[in-house]
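Reading the structure
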Amino acid sequence: MNLLDIRNLKLDFGTGADVMRAVDGISFTIGAGETVCLVGESGCGKTVTALSIARLVPAPPANYVGGEILLNGRDVLKMSNGELRSIRGGVVSYVFQEPGASLNPVFRVGNQIRESLKLHKPDKATNAEVIRLLKLVGIPAPESRIRNYPFELSGGMQQRVMIAMALASEPKLLVADEPTTALDVTIQAQILELLHGLKQRLGMAILLITHNLGIVGDMADRVAVMYAGQIVELAPAKDLLRRPLHPYTKALMNAVPKLAGDADRLSAIPGNVPRIGNFPPGCRFAPRCPIAKSECSEKIPELVEVEPGRWVRCPFWQQTTKPV
Amino acid sequence: MVETKNPLSPWQLFWQRLRRRKIAMAGGGILIVLYLVALFAGFVAPYRYDDLDTDYSFHQPVWPRVEGLHLVVPRYAPGNGTFVYQLVPNDTKPLHLFIRGDRYKWFGLIPATIHLFGTGDRNYPVFLLGADQFGRDVFSRLLYGSQISLSIGLVGILLSFSFGMIIGGVSGYFAGATDTVIMRLCELIMSIPALYLIISLRATFPPGMSSSQVYTMIIVILSFIGWAGMARVIRGMTLSLREQQFVLAARAIGQSPLKIIVRHILPNTFSYVIVAATLSVPYYILGEVVLSFLGVGIQEPNASWGNMLTAAQNTDYLRNYPWLLAPGVAIFITVLAFNFLGDGLRDAADTKSL
């Protein structure tokens, strides 16, 4: 049994005529101890998918239309509020993009970590345990840091505190939603290294959300590429980076600037991400796709397994695309 | 180990900014003195609040004067005409500090008889602010009255603000139907003219209530009206705070909604609440004054600033015995001090100001 098994998840925002489908039939799994990356442009539904795992998207305005989110074999969408609170932190923990905004500005960081302990490990809610956690995430002089307010810490330190908070309850799955986007490159590398090391020591699974393909290669076992609320490609990380199959993935990798060669201009994917609620009929990438055919705009293609472990939502994946 | 210089905590920064505002500090200082005196009223007051002696009705203020190395209190004898007292020359009694006098209780618990000052002789009364129609010392009654008038502000604020904060927090956090119902209720309460509500509520209670019952009732009535405004503001702040990521983070570790409101959202409103509370205390003090002035508040012989002012309703009294207005001056000073302090706190809490 997989630790997390999302099946055909559909999520709407709004109701009636203004309904917008943010997540449209997402399915993927995460095994125990596995690292899965969720990649895609801003607004493609990555964060909503990740928050759904603990049903954190507030409903209303959101509306879980269909599908199942099996966490440890139990459907999160059918849980009571009490059960939800025990899995939040208890089974799945979160680390968010803006560490500064994720910490309550009026509390000392030690108390915030202790709050997480109180909820899930009440007998271990001690200063010693907080200090141990801060040491674990590589914060120097944790004894004096616990009395600091969040604004007294640097961005990297704040993110370490957030990770310590997430780890306090010893979760099975750590969801890191663009944990390094707000940090500079050096700190970014440190935080990723920290996550990688912690994963190996603690044996937890990680769902890493990013729009940075560089991170994927360092961290992920498998990658899911999202576009406009759907997964367009799902594959082992190494294979995907070496040989992307979906035209969107290809275009995405093409857009990464390369140091080698003498390219003057940055290559970009033409057009814009379609707005939620205003998706084109048929394949959602078709308007921007270099190999699109007329039939692409008629029917949404299925996500099919084209090679063992490799899923693609494009019937023409074998066709080569010229770099744009 | 890395030694870091501890930066100033938010409270220290706040204090630093407040200290630069002299008027606010003066207001704060006055309030500290007022509340300390109220706390030790029994000790500072030379007489009890109900210590009456009709021989001294409307006695004018008597101040000690320096004679040689002592402070002495002169004696006045009844003159020709009612309520006229004339100085008796060369008849004085020295003023003593820490002298035995009437019984009172420290904080209403520990019995004591030591007073800060007095003559120890009924024939030489020290009426710093004169006497009222029953010959009671206005100064002593002012101090005893301050216990009621000053504490009503604090207790009232505590009650209505904690109530308003919880209700406002719940309303803003859950939004939707809960929010609509609570906010309409607030508006209903706010639309009722406060004074009429107070008087009609008061009328529903039996007239023979004890002073402590009346005291509690006044606080409950004033808080019942006061929470709605607070709830509305807190609700607005909560609506914006609930979208903050730290609220999402708190939900993500499995915190319950009520604890998120109390532990994470409400503390972020404190800088506003403290200012609002300081500026609202006068409303409760004046509320008690109004009720007592109208005769539905604290009852004689117990003293409050409001019922002491009842005597000032009579213009004859006002013309002949202006010292009866002393509680009015006390109210004026207190309300002004609270406003100065509140303004200063607001400026100090505003991080955009210098």
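Residues numbered from 1 in each chain as written. Chains lettered and ligands numbered in written order. Predicted model: local features only at pLDDT ≥ 70, side-chain atom pairs only at ≥ 80, totals over all residues.

It is worth spelling out the overall build of chain B at this point. Each helix and strand counted, chain B has 13 helices and 5 strands in total. For the C-alpha atoms alone, the extent of chain B along its principal axes is close to 80 × 60 × 35 Å. A fraction of 69% describes how many contacts in chain B between residues 6 or more apart in sequence connect residues 24 or more apart. (Helix = DSSP H or I, 4+ residues; strand = E, 2+ residues; numbered from the N terminus. Contact = placed C-beta atoms within 7 Å.)

With that settled, the discussion passes to the overall build of chain A. When you go through chain A residue by residue, the secondary structure sums to 11 helices and 12 strands. Over its C-alpha trace chain A gives a radius of gyration of 21 Å, about what one expects of a compact globule, namely 20 Å for 324 residues. In terms of overall dimensions, chain A has C-alpha extents of about 65 × 50 × 35 Å along its principal axes. Across the 324 residues of chain A, 46% fall into the buried class. In chain A, the proportion of contacts linking residues at least 24 apart, taken out of those at least 6 apart, comes to 65%. (Rg over C-alpha atoms; globule rule 2.2 N^0.38 Å. Buried ≥ 20, exposed ≤ 12 C-beta atoms within 10 Å, placed from the backbone.)

Segmenting chain B into domains produces domain 1 (62-126) and domain 2 (141-349). Between domain 1 of chain B and domain 2 of chain B, the C-alpha centre-to-centre distance is 39 Å. (Domains from an automatic or database assignment.)

Our focus in this paragraph is the nonpolar core. Side chains that are nonpolar tend, in soluble globular proteins, to be buried together. Counting residues in hydrophobic clusters, the biggest one holds 181 residues, and the most contacted among them are Cys37(A), Ala164(A), Leu173(A), Leu207(A) and Val223(A). Residues lining this core come from more than one domain, with at least three contributed by each of domain 1 (62-126) and domain 2 (141-349) of chain B. Filtering out sequence-adjacent residues up to four positions away, Cys37(A) remains in contact with Leu208(A), Thr210(A), Val216(A), Met219(A), Ala220(A), Val223(A) and Ala237(A). (Core = buried A, V, L, I, M, F, W, Y, C linked by C-beta atoms within 7 Å.)

Residue and element names in this part refer to chain A. Judged by pairing direction, the sheet is antiparallel, and its 4 strands sit side by side in the order S2-S1-S4-S5 without closing on themselves. Each end of this open sheet is capped by a strand with a single partner; those strands are strand S2 (20-30) and strand S5 (74-75). Summarising the sheet, strand S1 (residues 4-13) and strand S4 (residues 62-71) pair through 8 bridges and their orientation is antiparallel. The residue of S4 that forms the bridge with Lys10 is Gly66. (Pairing = 2+ DSSP bridges.)

Take the packing of helix H7 (residues 211-241) of chain B against helix H10 (residues 270-293) of chain B next. Residue and element names in this part refer to chain B. The contact between H7 and H10 brings their axes to 11 Å, and the two run at 155°. It follows that H7 is roughly antiparallel to H10 by the angle criterion. The handedness of the crossing between H7 and H10 comes out as right-handed. Contacts between H7 and H10 involve Ile218, Leu222 and Met237 on the former and, on the latter, Tyr272, Tyr284, Gly287, Glu288 and Leu291. (Axes fitted to C-alpha atoms, helices over the stretch in contact; angles between N-to-C directions. Parallel < 35°, antiparallel > 145°, perpendicular 65-115°, else oblique. Left-handed = near helix turned anticlockwise from the far one by under 90°.)

It is worth spelling out unusual backbone geometry at this point. The backbone of Glu178(A) sits at a positive phi, close to 45°, despite the residue not being glycine. Mapped onto the elements of the fold, Glu178(A) is located in the loop between strand S7 (173-177) and helix H8 (185-202). Given 21 C-beta atoms within a 10 Å radius, Glu178(A) is considered buried. For Asn90(B), which is not glycine, the phi dihedral falls at a positive 55°. Position of Asn90(B) relative to the elements: it lies in strand S3 (residues 85-94).

Residue and element names in this part refer to chain B. Overall, antiparallel pairing links the 3 strands, which are arranged S1-S2-S3 in an open sheet. Each edge of the open sheet is held by one strand with a lone partner, namely strand S1 (65-67) and S3. Recorded for the sheet is a direction-independent mean angle of 50° between the axes of neighbouring strands. Looking at chain direction, strand S2 (residues 70-78) and S3 are connected through 7 bridges and run antiparallel. Residue pairing in the sheet places Arg75 in a bridge with Val88 of S3.

Glancing now at the interface of chain A and chain B. The interface of chain A with chain B comprises 25 residues on the first partner and 20 residues on the second. Per-element accounting of the side of chain A that touches chain B gives the leading share, 3 residues, to helix H4 (residues 109-120) of chain A. Taken together, the residues that form the side of chain A that touches chain B break down as 12 nonpolar, 9 polar and 4 charged. (Nonpolar A, V, L, I, M, F, W, Y, C, P; charged D, E, K, R; others polar.)

Bringing the confidence of the model for chain B into the picture now. Per-residue pLDDT for chain B has a mean of 84; in total, 96% of the residues score no lower than 70. Ranking the elements of chain B by mean pLDDT puts helix H6 (residues 194-203) of chain B last, at 76, and helix H2 (residues 22-39) of chain B first, at 92. (pLDDT = per-residue confidence, 0-100.)

Right, let's get into helix H7 (residues 155-168) of chain A. Residues and elements named next belong to chain A. Here H7 spans 20 Å end to end across 14 residues, near enough to the 20 Å set by a 1.5 Å rise per residue. With 13 of its 14 residues buried, H7 lies for the most part within the structure. Glu170 occupies a position one or two residues after H7 and carries a positive phi of about 50°. (Expected span 1.5 Å × (residues − 1).)

Looking now at the pairing of strand S6 (residues 92-95) of chain A. Residue and element names in this part refer to chain A. Side chains Val92 and Tyr94 project from S6 onto one buried face, and the interleaved Ser93 and Val95 project onto a second face that is buried too. Pairing analysis gives 4 bridges linking S6 to S7, with the strands arranged parallel. Looking at S7, one finds that Val95 is bridged to Ala176.

Glancing now at the environment of Phe338(B). Residue and element names in this part refer to chain B. Structurally, the position occupied by Phe338 is in helix H13 (residues 326-349). You can call Phe338 buried: it has 24 C-beta atoms within 10 Å. Sequence spacing of Phe338 and Ala277 is 61 residues, and the spatial spacing of their C-alpha atoms is 9.7 Å. Residues contacting Phe338, with those up to four places away along its chain left out, are Gly27, Leu31, Thr278, Val281 and Pro282.

This part is about the pairing of strand S10 (residues 230-236) of chain A. Residue and element names in this part refer to chain A. Counting buried residues along S10, 6 of its 7 residues qualify, which places the element largely inside the surrounding structure. In this structure, strand S9 (residues 222-227) lies alongside S10, joined through 6 bridges in antiparallel fashion. Along S10, the bridge assignment pairs Val223 with Ala235. Joining the antiparallel neighbours S9 and S10 is a turn of 2 residues, in which Ala228 adopts a positive phi near 50°. Judged from the 2 bridges that link them, S10 and strand S12 (residues 310-312) form a sheet pairing that is antiparallel. Within S12, the position partnered with Glu233 by the bridge is Val312.

What follows deals with the environment of Arg21(A). Residues and elements named next belong to chain A. Here Arg21 is to be found in strand S2. A C-alpha to C-alpha distance of 30 Å links Arg21 and Ser267, two positions 246 residues apart in sequence. Excluding its chain neighbours within four sequence positions, the residues that come into contact with Arg21 are Lys10, Asp12 and Gly229.

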